[in-house]
Amino acid sequence: MSDKAKWDPQAVQGIIASLQHKPGALLPILHGIQNALGYIPPDSVPMIADALQQTRAEIHGVITFYHHFRLTPPGRIKLEVCRAEACQARGSRNLESHVKEKLGIDYHHTTLDREFSLEPVYCLGNCACGPTIRVDDDIIGRITPEKFDLLVDELTTTALEIR
Amino acid sequence: MSHKIFIPRDTTTLALGGERVVKAILKEAQERKLDIEIVRNGSRGMFWLEPLVEVETAHGRVAFGPVEARDVTALFDAEFFKGSTSHPLALGDPEEIPYLKKQQRLTFARAGITDPVSIEDYKAHDGFKGLEQSLTLPGQAIVDEVKASGLRGRGGAAFPTGIKWQTVHNCSADQKYIVCNADEGDSGTFADRLVMEADPLMLVEGMIISGLAVGATQGYIYLRSEYPVAHQVMNEAIANAYASGYLGDDIQGSGKVFDLEVRLGAAAYICGEETSLLESLEGKRGLVRFKPPLPAIEGLFGKPTVVNNVLSLAAVPFIMDKGSQAYADCGMGRSRGTLPFQLAGNLKQGGLVELAFGPTLRELIDDFGGETESGLPMRAIQVGGPLGAYLPESQWDTPLDYEAFSAIGAVLGHGGIVVFDESVDMTEQARFSMEFCVAESCGKCTPCRIGSTRGVEVIDKIRSGNNVEANLALLDDLCETMIDGSLCAMGSMTPIPVKSAFQYFSEDIALANASSSAQAEAK
């Protein structure tokens, strides 16, 4: 697991304090925490609730409403595959099943070695040049099963070199 | 002598290896000891040519594309940086490429030409002229100009923008808001993204003008989290606008105030619905609100609020600079001005095509999109996003105009056009429409929340040949319930693609049944 995912109450408190004055502060706070830690640790929920004078249930309700927010640590690399119509018209159904088979996981799961978390996404706005995937913040177009395999090799090889 | 080279920084260019091309050009230039200046412009929207590299010459620009990193050495050998067109990827003057030349670019006039975050570039290409004009006018005069232009909301509902502004203008309140709906979740659409990545200052200008018109001093751009590049570019543009005195406490010495902030969504299609968007901005679950009250009267934090799509706000600087008549002169019937159509899916030449309303769908595809990428014949075209109808070939001669589409039970929506070739199984597409509604329904009303799940189940039965006639009747009934009983467009429009798929492509039911029984036998 990456260092990013370590539970650090002080960091979370700092993020909350820097954003809680904003009108409608909850989404900015949740983004701030997830950007820093990779997820929203359940232990941060009461801290956010206190700061915004809301109930823990309300905060939990907001976190679980949005597909983007997660309450568990992701794998080292977050992978999203576009499932929407424009990519379907360019072969994404085939790509989807290939990706799941290659990684050995379904959507919303993380590989056992904690390298990849796989999520569906409904449109990345690259609709003329799909199928499209997102690897962390990089969007990659015209992905074929062959290109996907090369990409996975590239991503996992780089990791070994760093270590 | 320095050579100026333009390489876009938009999502599609980056998704096709734009960054690697930049690195290769810098490396090659260094090895050859050439003085190269790279400008990261926006895309011109000819996505099949990206990465499109342009070189500035004394006689205008020369374009090369699509360029891959491995082409760079040969391009240098051919002296592309001097504008020499001997390399096979040379396309000549980009503005002479028919795809671009045949368009009527009002909103996207600057796209691909300027550095999107440069205030100087923006001003050198008519930027902030609409704002200058607006700063001399009372709010009502701005509202009147927008009304006269005939501009209708580009998010999909096509409500007259000027009338919405008038309502907010007429409210008296201590605080009003301008909210830009940049939650462009429809598959097959990317026009909002291209505004934000290629010409974000135009959106900033449109929002300031809107604020002046209705008396609002705070703006929010609600941007989807699936657009990380737009987020970055938009934030840079806003920072530059603050630094140059176009945003903040005293806009260009006028004493007028307007503050602007980007707020990120968190992957929820429903937040493109305006009341759900407002809930999300307030930090809540994106549940759809009952209307009335209208957001124009009780919107964000209960205050009068303009909620407009990116394209609606982006059209405003042109209207205020060139006049409402210049805008209204384009178009047909009650659809005035231009719509940036977005050609997507299985097409050779996908991209953004800004045209006045009026050409037929077939003309648009033939003149711009070319044939399918796969080379197979086209079979179905979905217009207007995941809640839009699938059109069979018999309907492709419909003019692209809000009323003409509505007359055939289809929607123009946000102008997204997704082409499918003959390999498509339309029963599978219908199933996906319901499945998408299951994933994205906010859950507030029953027809949408439960109806979509039942819809998936019934379509599965139809596809597997289980009591087909009875289940088709049941699906029809379910669709009627969703149309009549849902609170917002998510539930009431999901039946549109479903019904069109079964009505116009009913032959696919027998094919799905056959493949289903073949699978069963194989087991």
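1. Comments concerning the overall build of chain B
Counting its regular elements, chain B contains 22 helices and 16 strands. Expected size for 523 residues packed as a compact globule is a radius of gyration near 24 Å; at 24 Å, chain B falls within 12% of this value. Within chain B, the fraction of its 523 residues that count as buried is 57%. Restricting to contacts in chain B with at least 6 residues of sequence separation, those with at least 24 account for 73%.

2. Concerning the overall build of chain A
A tally of regular secondary structure across chain A gives seven helices and five strands. Within chain A, contacts between residues separated by at least 24 positions form 60% of all contacts whose residues are at least 6 apart in sequence.

3. Let's talk about the interface of chain B and chain A
Taken together, the 46 residues of chain B in the interface contact 33 residues of chain A. Put simply, the parts of the chain that give the side of chain B that touches chain A at least two residues each are α1 (11-15), β8 (259-264), α12 (274-281), β12 (338-345) and β16 (416-421) of chain B. Each residue belonging to the side of chain B that touches chain A can be placed in one class, and the counts come to 22 nonpolar, 16 polar and eight charged.

4. A short note on the sheet that holds strand β13 (residues 351-356) of chain B
Residue and element names in this part refer to chain B. Here five strands make up an open sheet; going across it, the order is β13-β12-β16-β14-β15 and the pairing mixed. Edge positions in the open sheet fall to β13 and β15 (390-391), since each of these has one partner strand only. In this structure, strand β14 (residues 378-383) lies alongside β16, joined through five bridges in antiparallel fashion. By the bridge assignment for β16, Met378 is matched with Asp421. Set on the sheet, helix α15 (residues 361-369) makes contact with β12, β13, β14, β15 and β16; between it and β12 the angle comes to about 65°.

5. Brief notes about the domain arrangement of chain B
Residue and element names in this part refer to chain B. Here the domain parsing of chain B yields domain 1 (3-101), domain 2 (126-328), domain 3 (331-421) and domain 4 (426-522). Domain 2 and domain 3 are separated by 26 Å when their C-alpha centres are compared. Listed as interface residues are 18 residues of domain 2 and, on the opposing side, 19 residues of domain 3. In terms of residue class, the side of domain 2 that touches domain 3 is built from nine nonpolar, seven polar and two charged.

6. Description of the domain arrangement of chain A
Along its sequence, chain A is organised into domain 1 (3-65) and domain 2 (77-162). Once you take the C-alpha centre of each, domain 1 of chain A and domain 2 of chain A turn out to be 28 Å apart.

7. Considering the pairing of strand β1 (residues 77-82) of chain A
Residue and element names in this part refer to chain A. Pairing geometry for β1 and strand β3 (residues 116-121), over six bridges, is parallel. Paired with Leu79 across the strands is Leu118, a residue of β3. By the bridge criterion, three bridges tie β1 to strand β4 (residues 133-135) in an arrangement that is antiparallel. Paired with Leu79 across the bridge in β4 is Val135.

8. Remarks on the confidence of the model for chain B
On average, residues of chain B carry a pLDDT of 97, and 100% of them reach 70 or more. Listed scores for the predicted complex are pTM 0.97 and ipTM 0.96.

9. Some remarks on the sheet that holds β1 of chain A
Strand pairing within a sheet occurs via backbone hydrogen bonds; the two strands may be parallel or antiparallel. Residue and element names in this part refer to chain A. Here five strands make up an open sheet; going across it, the order is β2-β3-β1-β4-β5 and the pairing mixed. Both outer strands of the open sheet, β2 (109-110) and β5 (138-140), are each paired with one neighbouring strand and no more. Strand contacts of helix α6 (residues 92-103): β1 and β3, with the helix running at about 155° to β1, the strand carrying the most contacts.

10. Notes on unusual backbone geometry
All names here are of chain A. Note that the residue after Gly130, namely Pro131, is joined by a cis bond; omega there is -10°. Locating Pro131 in the fold gives a position in the loop between β3 and β4. One non-glycine residue, His108, lies in positive phi territory at about 70°. On the basis of neighbour count, His108 is assigned to the exposed category, with 12 C-beta atoms found within 10 Å.

11. Structural notes on the environment of Ile251 of chain B
All names here are of chain B. If you trace the backbone, Ile251 turns up in the loop between α11 (228-243) and β8. Along the chain, Ile251 and Val21 lie 230 residues apart, while their C-alpha atoms are 39 Å from each other. Among all residues touching Ile251, those that are not within four sequence positions of it are Ile208, Gly245, Tyr246, Lys256 and Phe258.

12. Structural notes on helix α9 (residues 191-198) of chain B
Counting buried positions along α9 of chain B yields eight of eight residues, so the element is predominantly enclosed. Buried residues of α9 of chain B: Ala191, Asp192, Arg193, Leu194, Val195, Met196, Glu197 and Ala198 of chain B, and no others.

13. Brief notes about the nonpolar core
All names here are of chain B. Counting residues in hydrophobic clusters, the biggest one holds 199 residues, and the most contacted among them are Val179, Cys180, Val195, Leu203 and Val204. With 10 residues, helix α10 (residues 200-214) is the largest single contributor of residues to this core. Leaving out residues up to four positions away in the same chain, Val204 has contacts with Ala237, Ile238, Ala241, Tyr246 and Leu260.

14. Some details on the packing of helix α17 (residues 426-440) of chain B against helix α18 (residues 446-463) of chain B
All names here are of chain B. It is the contact of α17 with α18, at a shortest axis distance of 8 Å, that shows an interaxial angle of 155°. Judged by the angle between their axes, α17 and α18 are roughly antiparallel. The two elements α17 and α18 cross, and the hand of that crossing is left-handed. Counted together, Thr427, Ala430, Arg431, Met434, Glu435, Cys437 and Val438 of α17 and Cys448, Ser452, Thr453, Gly455, Val456, Ile459, Asp460, Ile462 and Arg463 of α18 form the full contact between these two elements. Among the residues forming the contact of α17 with α18, the class breakdown is eight nonpolar, four polar and four charged.

Definitions and limits used
- Residues numbered from 1 in each chain as written.
- Chains lettered and ligands numbered in written order.
- Predicted model: local features only at pLDDT ≥ 70, side-chain atom pairs only at ≥ 80, totals over all residues.
- Helix = DSSP H or I, 4+ residues; strand = E, 2+ residues; numbered from the N terminus.
- Rg over C-alpha atoms; globule rule 2.2 N^0.38 Å.
- Buried ≥ 20, exposed ≤ 12 C-beta atoms within 10 Å, placed from the backbone.
- Contact = placed C-beta atoms within 7 Å.
- Nonpolar A, V, L, I, M, F, W, Y, C, P; charged D, E, K, R; others polar.
- Pairing = 2+ DSSP bridges.
- Axes fitted to C-alpha atoms, helices over the stretch in contact; angles between N-to-C directions.
- Domains from an automatic or database assignment.
- pLDDT = per-residue confidence, 0-100.
- Core = buried A, V, L, I, M, F, W, Y, C linked by C-beta atoms within 7 Å.
- Parallel < 35°, antiparallel > 145°, perpendicular 65-115°, else oblique.
- Left-handed = near helix turned anticlockwise from the far one by under 90°.

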